[in-house]
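Notes for the structure review
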Amino acid sequence: MRKEQKEISPRAFKDMVHAAYTVLDAEKEYINSMNVFPVPDGDTGTNMTLTMKAAVEGLSRNPCSTISGLSDLVADQCLLGARGNSGMILANFFKGFAQGMKLNDRLDISNFSQSFREGTKKAYQSVRNPVEGTILTVMNAVAQKVNEISSKESLNTFFKKILETADHAQRQTPELLPQLKRAGVMDAGGQGFLSILKAFLSVAEGKKAKVVKRDRSSLPPVDYSACNNRPHYRFSHEFFVQGDSVSAEKIGSSLASLGDSLVVSQIENRVRVHIHTDFPEKVERESASFGKFTLVAKDDMLAQQKALLAQSKIGIVAISPGKGFSQILYESGADAVVTFAKSKPSVEELLEACAGVECRAVILFPNDSDILPSALEASRMLPKEIKVLPTKTVQEGIAALLSFDPQNSLSANLKLMEDSFSQIKSGAVARAVRPCATPEFSVGRNDYIGIYDGQIQVKADDLGSALLELLNKMIGPEDEAVMIYQGKGVREDKLTEIESLIASHFSEREIQWYYGGQLHYHFIVGIV
Amino acid sequence: MSKIKIMVDSISTIPWETAEDLGIELVPYYVNFEGESIREDPSFDLKVFYKKLRQAKDWPGTSHPAPQDIEEKFRRLSQETDEIIYLMIPSQLTETYNIAHQLREKFKSIRIELCDVGSILGKLGLVALEACRLAEAGKTVDEILEQIYSISKRSRVFITLETLKYLARTGRISKATALLGTTLSIKPIITAQEGVLVPAGKTLTHNQAINWILKKIKSDLEKFKARKIKCFVNDVDNRTISDLVTTRLKENFQCEEIWQVEMSPLIATATGPGTWSVSYLIVE
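Described in the following lines is the structure provided in the data block. (Residues numbered from 1 in each chain as written. Chains lettered and ligands numbered in written order. Predicted model: local features only at pLDDT ≥ 70, side-chain atom pairs only at ≥ 80, totals over all residues. Heavy atoms only, no water.)

1. Examining the overall build of chain B
Looking only at helices and strands, chain B features 11 helices and 13 strands. The burial tally for chain B puts 57% of its 284 residues in the buried class. Here the analysis covers contacts within chain B between residues at least 6 apart in sequence; of these, 77% occur between residues at least 24 apart. Summed over its atoms, the accessible surface of chain B is roughly 12300 Å², and 48% of this surface lies on carbon and sulfur atoms. (Helix = DSSP H or I, 4+ residues; strand = E, 2+ residues; numbered from the N terminus. Buried < 20%, exposed > 50% of the residue type's maximum accessible area, 1.4 Å probe, protein only. Contact = heavy atoms within 4.5 Å. Areas by Shrake-Rupley, 256 points an atom, 1.4 Å probe, with all protein chains shown as cover.)

2. Here's the deal with the sheet that holds strand E2 (residues 25-27) of chain B
Residues and elements named next belong to chain B. Pairing within the open sheet is parallel, and its four strands lie in the order E2-E1-E6-E7. The open sheet has two free edges, formed respectively by E2 and strand E7 (111-116), since each of these has just one partner strand. Ignoring strand direction, the axes of neighbouring strands in this sheet form an average angle of 20 degrees. Strand direction decides the pairing type here: strand E6 (residues 83-88) and E7, joined by six bridges, are parallel. If you follow Ile85 over to E7, its bridge partner there is Glu113. Across the sheet, helix H4 (residues 96-104) lies against strand E1 (5-9), E6 and E7, angled at about 170 degrees from E7, the strand it touches most. (Pairing = 2+ DSSP bridges. Axes fitted to C-alpha atoms, helices over the stretch in contact; angles between N-to-C directions.)

3. As for the sheet that holds strand E4 (residues 36-39) of chain B
Residues and elements named next belong to chain B. Spatially, three strands are ordered E4-E3-E5 in an open sheet, and the strand pairing comes out antiparallel. Since the sheet does not close on itself, it has two edges, and those belong to E4 and strand E5 (61-63), each with one partner. Taking the axes of each pair of neighbouring strands and ignoring which way they run, one obtains an average angle of 30 degrees across the sheet. Judged from the four bridges that link them, strand E3 (residues 30-33) and E4 form a sheet pairing that is antiparallel. In the sheet register, Phe33 faces E4, and the bridge partner there is Glu36.

4. Observations regarding the packing of helix H4 (residues 84-101) of chain A against helix H6 (residues 135-146) of chain A
Residue and element names in this part refer to chain A. Taken N-terminus to C-terminus, the directions of H4 and H6 make an angle of 25 degrees; their axes are 11 Å apart at the nearest point. Our classification of the angle between H4 and H6 gives roughly parallel. Across the interface between the two elements, Ile89, Leu90 and Phe93 of H4 pack against Ile135, Leu136 and Met139 of H6. Looking at the contact of H4 with H6, its residues break down into six nonpolar, no polar and no charged. (Parallel < 35°, antiparallel > 145°, perpendicular 65-115°, else oblique. Nonpolar A, V, L, I, M, F, W, Y, C, P; charged D, E, K, R; others polar.)

5. Some details on the packing of aromatic side chains
Each aromatic ring pair is specified by the distance between its two centres and by the angle formed by the two planes. Evaluation of the coordinates by the stated rule reveals 24 aromatic pairs over all chains. When the ring of Phe116(A) is compared with that of Phe193(A), the centres are 6.1 Å apart and the planes differ by 65 degrees; the resulting orientation is edge-to-face. On the criterion of sequence distance, the pair formed by Phe116(A) in helix H5 (residues 109-126) and Phe193(A) in helix H9 (residues 188-204) is long-range, its members being 77 residues apart. For the pair Phe116(A) and Phe193(A), a shared accessibility class is recorded, and that class is buried. Taken together through their ring pairs, the aromatic side chains of Phe93(A), Phe94(A), Phe97(A), Phe112(A), Phe116(A), Phe158(A), Phe159(A), Phe193(A) and Phe200(A) make up a single cluster. Across from the ring centre of Phe240(A), 5.2 Å away, lies the NZ or CZ of Arg270(A), which sits over that ring. The ring of Tyr233(A) carries the charged tip of Lys153(B) above its face, separated from the ring centre by 4.8 Å. (Phe/Tyr/Trp six-rings, centres within 6.5 Å; stacked < 30°, edge-to-face > 60°. Lys NZ or Arg CZ within 6 Å of the ring centre and 35° of its normal.)

6. Side note on unusual backbone geometry
A positive phi is found at Asp453(A), a non-glycine position, where the angle reads about 60 degrees. One non-glycine residue with positive phi stands out, namely Asp237(B), at about 50 degrees. Within the fold, Asp237(B) resides in the loop between strand E11 (228-235) and helix H10 (239-252).

7. Quick notes on the interface of chain A and chain B
Across the boundary between the two partners, chain A contributes 30 residues, which contact 20 residues of chain B. Overall, the association of chain A and chain B removes approximately 2100 Å² of surface from exposure, summing both partners, and the carbon and sulfur fraction of that is 49%. Remark: the boundary between chain A and chain B carries four salt bridges. One salt bridge in this structure joins Lys216(B) and Asp405(A), with 3.4 Å as the shortest N-O distance. Run the count over chain A and chain B and you get 10 residue pairs in polar contact (both at pLDDT 80 or more). A breakdown of the residues in the side of chain A that touches chain B according to their chemical character gives 15 nonpolar, eight polar and seven charged. (Buried area = accessible area lost by both parts, 1.4 Å probe. Salt bridge = Lys/Arg side-chain N within 4 Å of Asp/Glu carboxyl O. Polar contact = N/O pair within 3.5 Å; in protein donor to acceptor, adjacent residues only side chain to side chain.)

8. Focus on helix H2 (residues 44-61) of chain A
Residues and elements named next belong to chain A. With 18 residues, H2 ought to run about 26 Å at 1.5 Å a step, and its terminal C-alpha atoms sit 26 Å apart, in line with that. Among all positions of H2, only Thr44, Gly45, Asn47, Met48, Thr49, Thr51, Met52, Ala54, Ala55, Val56, Gly58 and Leu59 are buried. Buried residues belonging to H2 abut helix H1 (10-34), helix H3 (67-81), H4, H6 and H9. (Expected span 1.5 Å × (residues − 1).)

9. Some details on the pairing of strand E10 (residues 196-203) of chain B
Residue and element names in this part refer to chain B. Summarising the sheet, strand E9 (residues 187-193) and E10 pair through seven bridges and their orientation is antiparallel. For Ala192, the partnering residue across the bridge sits in E10 and is Leu197. Where E9 folds back onto E10 in an antiparallel hairpin, the turn is made up of two residues, including Glu194, whose phi is positive at roughly 50 degrees.

10. Overview of the pattern of salt bridges
Residue and element names in this part refer to chain B. Inspection of every chain in the model, using the stated rule, returns 51 salt bridges over all chains. The shortest N-O distance in the salt bridge between Glu71 and Lys106 comes to 3.2 Å. With Glu71 in helix H3 (residues 67-80) and Lys106 in the loop between H4 and E7, this residue pair connects regions lying 35 residues apart in the sequence. Among the residues examined, Glu71 registers a relative accessible area of 17% and is labelled buried. When the shortest N-O distance is used, the salt bridge between Asp142 and Arg111 registers 2.9 Å. Highlighted residues: Asp142 in helix H6 (residues 141-153) and Arg111 in strand E7, separated in sequence by 31 residues. Note on Arg111: relative accessible area 29%, which makes it partly exposed.

11. Some points on the state of the cysteines
Residue and element names in this part refer to chain A. Scanning all chains against the criterion turns up zero disulfides over all chains. Cysteine Cys359 remains unbridged, with the sulfur of Cys354 as its closest cysteine sulfur at 8.3 Å. Look at Cys359 and you get buried, because its relative accessible area is 17%. (Disulfide = S-S within 2.5 Å.)

That is the geometry; function is a separate question.
Written out as structure tokens, the structure reads:
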């Protein structure tokens, strides 16, 4: 198209449709990845591409050369080939567009604007319950804007302004639709419509449609888990009903109570239906009473959603001070555990563990205040998203891990875990390696000490008394569970003796004893 | 037109006297204990059963309703009504569905709808009570069935166990799941989802488990933009916790109905002593 052109020729119109298909096809994976509404089934891009593909195929078979004939053809082909909710809406847009073009044999800015408004109107009408923050919002923003654009502008400028408006509206979609905001995405259908407008501009500019090939691996992280509610209805059902006196209106009303996302449109004696439902057989029976039923597609959205959720797994990497703890951490749901003995793990070891888990994002549990800096360092070095949950002790780590819910979003999980580890009381018993003093007492080398809340609070000559006194300090009337993890060096006979000492003092309580296998502390205590 | 009759498995924990008042037909299950097959019925003494259970050397087994029990009910109800809705335990868990399906063939003159809402305990009870109310209000079978599915979408059951070992023995939860936290003595929370028992959460204490469930209810209320719930609190010989849970529910939510009922012997046997559960329905 020449730069100062003011009218779209039939030839250019065909080019625009072709370009729309090409751009959608190239960007469909990107669009798919944003698809969280109405159901996160990851197929909006594919559906819109298939819908445009039907139009392109129709054009290649039909020698029609008038603008109004071409727009009719595109509309009908789109309706016949429409896939999914967004495909149906798009097809209805073209239907309305074609109706706007009915009496025109020229497509200039003023006609295009008027037809665009008709298309938008039709798109809204085709949906039983229009929702804002979707492709409809983007269409509507443009339909409002075209009024303000002077018909004296060049097509080039006209499409540039349209695209800017659409882009702005698309960025607003998360503000209008909470599902999008929670998942951290813009609307997929709106994005697809943007691809089409981008294609139109490229034709007006006389350039080849410029597309960025984006595949799933280079996509921004979408928090699918934030939209993991079961789809409201399980099946996405698309079909035709053909008959002499079929009416989209009548079929639409008879199906309205059987599901949602209902889009119905008519092409002569055929009615095209898209519905989300739990009762596909009922929908078929009901529809078949109006005419001949032909199935286009029936998708199990629950299964599609499950497959998508698997892609959005959150991995957990935990640091453990001993073999016993490592087993407990694995059993409690960690995907990888880094066990250390004498020296704390290096940043490199943490990185290796995080990289080894196949997932979208990692939550890293340092489980030790000394390891926290390395964990934070590691989190900055991997391209994968790593969140460090600042657990200071392994007891905290275990409590946090138990509250992890794979069905929740990353942010919701971090919140849950923080709540849960902050409730646990952590303590430990060890032998002093050097003399030191606390405000209350001084500690000699080889004295047994009890640490609680990061402070030395107990001193004793023997291991059993140190543990007993520590428990006395830690256990409150509200506490339910007392977990004691024994270290590597505690002898079996000594342990039996200490267990009975503790049992005799806390006969009312169930004390849980576990093997932790840690090196420096004889006992690690967790109370909640 | 005759009134629609509602039949429901006894694992719904609807008390026998309530069932009788409302005209709900409860279908009993069996517990096989010390060489005897005991039928759940109003005379079943749970206290004695729990006591025996704690002392038992061999853990009892359970079995689905006897075909003759179901047949007898179909036969008797067919004298009173042309339409029966039988709400039952998920078909993944027992043979009940198949048995009833075969028996239904013998009663071709009446309509018998077998309805598996994929759930157990109070959740099944809540659905059955709603179904009964709809029948009372003169709704048709089709209308009730449709409502039942939307009601069951608004309800949940969460069961807190002392341990997974009893349930693992029944083979009704996967081995891998049963191994979760075998070292650590945790209180697993499970739920029935699409008829299958799956782990929902892990907590260290009963208090944490209660808070966990309260959070779920809160988020469901937000999700459905609702304010009220109806609920069941079930326990296996754990009145203390059941009282505590009931109090916490009343403190935190507007409970339109709250049923505090002991667990059916079948579930008690399958899940072990100390188990308790909360089922709730988000009221529209």
